[in-house]
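Chains, contacts and geometry: an overview
Spelled out from the first residue to the last, the chains are:
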Amino acid sequence: MKHPGPSETGAGTVAPVLTEPGASGPAARSTAAAAPRRRRRTVLRVVLAVLVLLLLAAGWVTLRAAQAGLALRDAAAGLEVVDIDLEDPGTAADDLAALRTHTSRARAAAADPVWRAAEVVPVAGEQLTAVRVVATVADDVARDALPAVRDVSALLDGGLRRADGRVDVDAVERAARTLATAAATTSTAHDRLAALDPDRLVGRLADAVRDAQGVASRADASLGPAARGAALLPELLGADGPRTYLVLALNSAELRAPGGIVGAITAVRAEDGALTVVGQRSTVELGVLDSPVLPLTAEELATHTDRLGRRLQNASLTPHFPRTAELVAARWQRDVGGPVDGVVATDPLAIARVVDVVGPVPGPDGGALTGGALVHTLLRDVPLTHPDEESDALFAAVAASVVSAVGQGEGATPELVRALVRAVDERRLRVWSAHADEQEVLAGSVVGAAFLGPGAAGDPGLFLDDASQSKLGLDLRTAVDFRDARCDGPAPRVTAVLTLDYRPPADVATFPVSVLGARGLSGPPGTLATVVSAWARVGDPAATVRRDGAVVGGTSTTVAGRQVQQVTSVLLPGGRQEVAVDLPLRDGAVTLWTTPTVTSPGVASFRCP
C-alpha cells in the first residue's frame, strides 16, 4: 500500500507531520531508525567509559605492582642481612626494623581494592595473586617470626647465663615462646607459598616464587624442630627438679659409626640451670660382660655381634644414637647406680672448640691444656705415654674439667653457643632423654641422631668402624664428595665417594701394641683396617660398593628395613683408597649420614643445580 506524500503549505516550506502511535510513513521510519543509533551511541559511551576505567585501573594496578615490586626487592635485600649477630645484637634489631618497613609497604600496595578486583582477570590475575601472597607472607614473617632473631640475640648477649654461671631458665623459656610463634608463622607461610604454581607464572616472577618456596621450606624444616627443642630446654636444665646426665667422650682414635668408641663417662647434674660434675668412670673400670646388658635383636646380632651390648666401648657400634644411649644408661645403672635422665655424646674436636672458648683446662700430665693441643694430646700423646688402663681415665678427667668450666660460667656466651651450634651441624653433639615425651622431640631433630628413626628413613649412611682395635684414627684423613650426578631421567642418582687417606708418622712401627692394634691382620706394624658400612634408605635395595673402581663384596644384613653392606678397607702406612656407592636422589637431593672424624663432619649433602 502506498502512503500519501506530504502536503505543500507554501513555497519551499514543509509542514511538520504529526503521527499518532501506530501510524506509518517516512517519519515513522526515520524515528525508528534513530533509536538504534542512539542505543549504539549510548553503548559506545559506556564501553568507552569502561575502557577508560579499565585503563585507569590497569595504570593504578601497574603503579601498585611497581610499588610492591620495589618494596619486595628492598625486603629481599634486607632479609639477607638479618641474622643473629652474636657480637652486636643491636645490629639485628636495626636490620629487622628496616626490613619490616619494606615488607609492610609491599603488603599495603598488594592489598589495594583495585588490585584485588584485578585478580579475577584471566592469566594476569594469577600473577597479581602470586605477588600479593608473597608480599603478605613476607610481612607476616617479618612481623611475627623474625623478632625471634632479636630476642635470641639479646639472650645470647649476656642474658643466657647468670653471674654464677648457671643458665637463666626463665630467659630460655621466654625465648622458647618467641620461637614457637616464629615457627607457627613460618609453617603458615610455607603452606601459602606451596599453594602457588610457579609454572603458571611468568619470567622473573616464577623464579622469585620458586626461591621464596625454597626459603620457606628450609626455614620451616629447621625452625619447627628448633622451637620444639627450645621448649624442652628448661626441663632438660632442671627447672622442674634435678636431672642426671651421662656425658660420653667419644674417642676418635678408634673409630665407630658416630665418631669413636665410648672412651669415658662423666655424670653431670643439672638443677635450675646449674651444671655440676657428680661422678666419672672410664670404660676400663666398666669391663666386659659375659652377656649383653640389654637384649639385642637378631638384626643387631647379625650386624654388630653381641659385643654391642657386652663391652661399653662398643655401645657406639650402631649409628642409631638412641640405642647407644640406652645401652650406656643400662650399664651405668647396673654397675654404678642412680637415676639417668639422659645421655650426651661428643668428640675431641667439639671439646677442643669449647676449650678455645672457656680457656685452658688441666692437662693429663699437669699444666694447662689448650684447645689447639687437645686433640693431639688425647688421641696420640696419652695413648703413647700412658698404659691402656690409664688413658681412658685421663680422657674422663679432661672431659670433666671442660664440663666444670662451662658450669662455672667460663667463656663468652656467644662464642660458646657458636661452638655448640657448629658441633651440632657437624654431627659431633648428640642428645638422648630417658623421658619418652622429650625423646620423641629429640628423635625428630638433628641433635637426636636417630638414624633408624622415621625422620631419617629417606637418608642413606656411610659409616666407619675400626677393625684393628688400634688408636690410629688421628692419622686417617677422610672426605666425602659427590660425582657423576644424574639429575634427570626416571632414576636420578649421584655417586658418593669416601676417600680414606692414611698418613701416620714415619715411626709408626715403633708404637706400642696398644696403639697399633692390628690383631689378626697380616701386614707390617701400623697397618690399619677399617670396616666401611653402606646403609641404604629404608625400602631400597642394597647399595653396590666399589673400592677404587672395582665392585667388592662383603657382609650383607638388614636392620630396621635398611639393607647394610659391610666391606673392609686395609691400608698400609701412606695408603689411600676410594669407596664409592650410588645414591638415589629424592627431589634432586640427598643427605648422607657418615662418621665424623678429625678431618670431616658426620654429614654430607648434595643438591642438583
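Because the structure is a prediction, the values reported are computed rather than measured. (Residues numbered from 1 in each chain as written. Predicted model: local features only at pLDDT ≥ 70, side-chain atom pairs only at ≥ 80, totals over all residues. Heavy atoms only, no water.)

1. Some words on the overall build of the protein
Going by this rule: Counting from the N terminus, the helices are the DSSP runs of H or I reaching at least four residues and the strands are the DSSP runs of E reaching at least two. Accessible area is worked out with a 1.4 Å probe on protein chains only. A residue is then buried under 20% of its type maximum, exposed over 50%, and partly exposed in between. Any two residues having at least one pair of non-hydrogen atoms within 4.5 Å are treated as being in contact. The method behind every accessible area is Shrake-Rupley, applied with a 1.4 Å probe, and residues are considered shielded solely by the protein chains displayed.
Helix and strand counts for the protein stand at 16 helices and 20 strands. When each of the 609 residues of the protein is scored for burial, the buried share is 49%. Contacts spanning at least 24 positions in sequence make up 69% of the contacts within the protein whose residues lie at least 6 apart. Total accessible area on the protein stands at roughly 28,400 Å², and carbon and sulfur atoms take up 57% of it.

2. Notes on the state of the cysteines
So the rule is basically this: Throughout, disulfides are identified as pairs of cysteine sulfur atoms within 2.5 Å of each other.
All chains considered together, the criterion is met by one disulfide. Between the sulfur of Cys487 and that of Cys608 lies a disulfide, 2.0 Å long from S to S. When the S-S torsion is -95°, as for the bridge of Cys487 with Cys608, the disulfide is left-handed. Residue Cys487 is found in the loop between strand 11 (476-486) and strand 12 (493-502), and its partner Cys608 is found in the segment after strand 20 (603-607); the two are separated by 121 residues along the sequence. By relative accessible area, which is 16% here, Cys608 ends up buried.

3. Brief notes about the pairing of strand 19 (residues 589-594)
For the record, the criterion: Following DSSP output, two strands are said to pair if at least two bridges run between them.
The buried count for strand 19 comes to five of six residues, which makes it a mostly enclosed element. Direction of pairing for strand 19 relative to strand 20: antiparallel, over a ladder of five bridges. Following the sheet pairing, Thr591 is matched in strand 20 by Ser605.

4. Some details on the nonpolar core
For the record, the criterion: To qualify as a nonpolar core, a set must consist of buried Ala, Val, Leu, Ile, Met, Phe, Trp, Tyr and Cys residues joined through side-chain atoms within 4.5 Å.
Ranked by internal contacts, the top residues of the largest apolar core, which has 35 residues, are Leu160, Leu193, Leu196 and Val209. With 10 residues, helix 6 (residues 169-194) is the single largest residue contributor to this core. Setting aside anything within four residues of it in sequence, one finds Val209 in contact with Ala130, Val134, Leu196, Pro198 and Leu201. Core analysis: the second largest hydrophobic core is formed by 31 residues, Ala267, Leu317, Ala329 and Val564 among them.

5. Thoughts on a negative patch on the surface
Worth spelling out the cut-off: Grouping into patches uses exposed residues only, defined as over 30% relative accessible area, and leaves out salt-bridged ones; the cut-off is 9 Å for like charges and 5 Å for nonpolar side chains (Val, Leu, Ile, Met, Phe, Trp, Tyr). Each reported salt bridge corresponds to a side-chain nitrogen of Lys or Arg within 4 Å of a carboxyl oxygen of Asp or Glu. Counting rule applied: Lys, Arg positive; Asp, Glu negative; His and chain ends not counted. Working definition for charges: the position is that of NZ of Lys, CZ of Arg, CG of Asp or CD of Glu.
A grouping of Asp170, Glu173, Glu235, Asp240, Asp437 and Glu440 is seen on the molecular surface, where their side chains present a negatively charged patch. Listed by contribution, the elements that provide at least two residues to the negative patch are helix 6 and helix 15 (436-443). The topology assignment puts Asp170 in helix 6. Take Asp170: its relative accessible area is 42%, and that puts it in the partly exposed class.

6. With respect to the pattern of salt bridges
Charged atoms that come close allow side chains of opposite charge to pair. Taken as a whole and assessed by the stated rule, the structure comprises 24 salt bridges. Between Lys471 and Glu254 there is a salt bridge, with its nearest N and O atoms 2.7 Å apart. One end of the pair, Lys471, is in the loop between strand 10 (461-466) and strand 11; the other, Glu254, is in the loop between strand 3 (243-251) and strand 4 (261-271), with 217 residues separating them in the sequence. In this structure, Arg323 engages Glu326 in a salt bridge whose closest nitrogen and oxygen atoms are separated by 3.3 Å. With Arg323 and Glu326 both in helix 10 (residues 321-335), this residue pair falls three residues apart, about one helical turn. A residue is classified by how much of its surface remains accessible, and Glu326, at 34% relative accessible area, is partly exposed. Look at the salt bridges and you will find they share partners, linking Asp347, Arg353, Arg422, Glu426 and Arg428 into a network.

7. Points about helix 15
The line we're drawing: Regarding the arc, it is the one traced by the directions from the helix axis to the C-beta atoms.
Within helix 15, burial applies to Glu438, Gln439 and Leu442. Angular distribution of buried residues about the axis of helix 15 spans 95°; they occupy a single face of the element. Facing away from the buried side of helix 15 by more than 90 degrees, the exposed set consists of Ala436, Asp437 and Glu440. In this structure, the buried side of helix 15 is in contact with helix 7 (203-236), strand 3, helix 10 and strand 9 (429-433).

8. Quick notes on empty space enclosed by the protein
The cut-off we apply is this: Cavity: a set of points on a 1 Å grid over the protein atoms alone where a 1.4 Å probe fits but cannot get out. Pocket: an open set with protein on both sides within 12 Å along at least five of seven lines, its lining residues, like those of a cavity, having an atom within 4 Å of a point. Grid points are joined across faces, edges and corners, and a volume is the space filled by probe spheres set on the points. Charged means Asp, Glu, Lys or Arg here, nonpolar means Ala, Val, Leu, Ile, Met, Phe, Trp, Tyr, Cys or Pro, and polar covers whatever is left, Gly included.
Under the criterion given, the structure shown has four cavities of 30 Å³ or more. There is about 60 Å³ of room inside the second largest cavity. Around the second largest cavity, the lining residues are Ala257, Pro258, Pro319, Arg427, Arg430, Val446, Ala449, Phe463, Trp593, Thr594 and Gly602. Counted by class, the lining of the second largest cavity contains seven nonpolar, two polar and two charged residues.

9. Overview of the sheet that holds strand 4
To keep things clear, this is the line we draw: Note on geometry: axes are lines fitted to C-alpha atoms, helical ones only across the stretch in contact, with angles between N-to-C directions running from 0 to 180 degrees.
On the basis of which strands lie adjacent, the open sheet formed by five strands has the order 5-4-3-6-9 and mixed pairing. Since the sheet does not close on itself, it has two edges, and those belong to strand 5 (274-282) and strand 9, each with one partner. Strand-to-strand, the axes of this sheet are offset by a mean angle of 20°, without reference to chain direction. Lying on the sheet, helix 15 is in contact with strand 3 and strand 9; it crosses strand 9 at an angle near 150°.

10. Focus: the pairing of strand 12
Along strand 12, nine of the 10 residues are buried, which leaves the element largely enclosed by surrounding structure. Hairpin connection from strand 11 to strand 12: six residues lie between these consecutive antiparallel strands, with Gly489 at a positive phi of about 95°. Sheet topology places strand 12 next to strand 18 (residues 576-584); nine bridges connect them, and they run antiparallel. Following the sheet pairing, Asp501 is matched in strand 18 by Arg576.

11. As for the confidence of the model for the protein
Going by this rule: Values of pLDDT, which run from 0 to 100, indicate the predictor's confidence residue by residue.
On average, residues of the protein score 82 in pLDDT, and 80% of them reach the 70 mark or higher. Overall, residues 48-72 carries pLDDT values under 50, and its contacts beyond four positions in sequence, including any with other chains, amount to 26 contacts.

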